[in-house]
Amino acid sequence: MVKIIVFLVGSLVLFVLFLMQEAFSKPIYNKMSNIWEEDSYGRLMAKLMILAMIIIAFVMGAVMK
């Protein structure tokens, strides 16, 4: 029963992190210059979320073994 709960909660967290990192990795629109600009802070946050997803997936695999 614990493995099922760990799997469901972990999968939900991974899904939410995936959606968040997709949103953070997009460029932002600068209305003053009328161009799209890269968001360096957003890219950093997206990379950290990917790292968190890898760690969570590893921990889920270790717990469910």
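The rules we used
Residues numbered from 1 in each chain as written. Predicted model: local features only at pLDDT ≥ 70, side-chain atom pairs only at ≥ 80, totals over all residues. Heavy atoms only, no water. Helix = DSSP H or I, 4+ residues; strand = E, 2+ residues; numbered from the N terminus. Buried < 20%, exposed > 50% of the residue type's maximum accessible area, 1.4 Å probe, protein only. Contact = heavy atoms within 4.5 Å. Core = buried A, V, L, I, M, F, W, Y, C linked by side-chain atoms within 4.5 Å. Salt bridge = Lys/Arg side-chain N within 4 Å of Asp/Glu carboxyl O. Expected span 1.5 Å × (residues − 1).

Trainee: So, the environment of V6: which residues are in play, and what are the values?
Mentor: When you line up the elements, V6 lands in helix 1 (residues 2–24). What makes V6 partly exposed here is its relative accessible area of 23%. Remark: the alpha-carbon pair of V6 and Y29, spanning 23 residues in sequence, is separated by 39 Å. Setting aside residues no more than four positions away along its own chain, V6 makes contact with M60, V63 and M64.

Trainee: I'd like to hear about the nonpolar core, residue by residue, with values.
Mentor: Core analysis: the biggest nonpolar cluster contains 5 residues, these being L14, L17, M49, M53 and M60. Mapped onto this core, the elements with two or more residues apiece are helix 1 and helix 2 (40–64). Not counting residues up to four positions away in its chain, the partners in contact with L14 are M53, I56, A57 and M60.

Trainee: Can you break down the pattern of salt bridges residue by residue, with the values?
Mentor: Considering all chains together, one arrives at 1 salt bridge under this definition. The shortest N-O distance in the salt bridge between R43 and E38 comes to 3.0 Å. Residue class for R43 comes out partly exposed when judged on its relative accessible area of 36%.

Trainee: Residues and numbers for unusual backbone geometry, please.
Mentor: Even without being a glycine, N34 presents a positive backbone phi close to 60 degrees. Turning to its location among the elements, N34 is positioned in the loop between strand 1 (28–30) and strand 2 (35–37).

Trainee: Describe helix 2, with residues and values.
Mentor: With 25 residues, helix 2 extends 36 Å between its outermost C-alpha atoms, agreeing within 8% with the 36 Å of an ideal straight helix rising 1.5 Å per residue. Within helix 2, the full set of buried residues consists of G42, A46, M49, M53 and M60. Buried-residue contacts for helix 2 involve helix 1.

On their own, these measurements won't tell you what the molecule is for.
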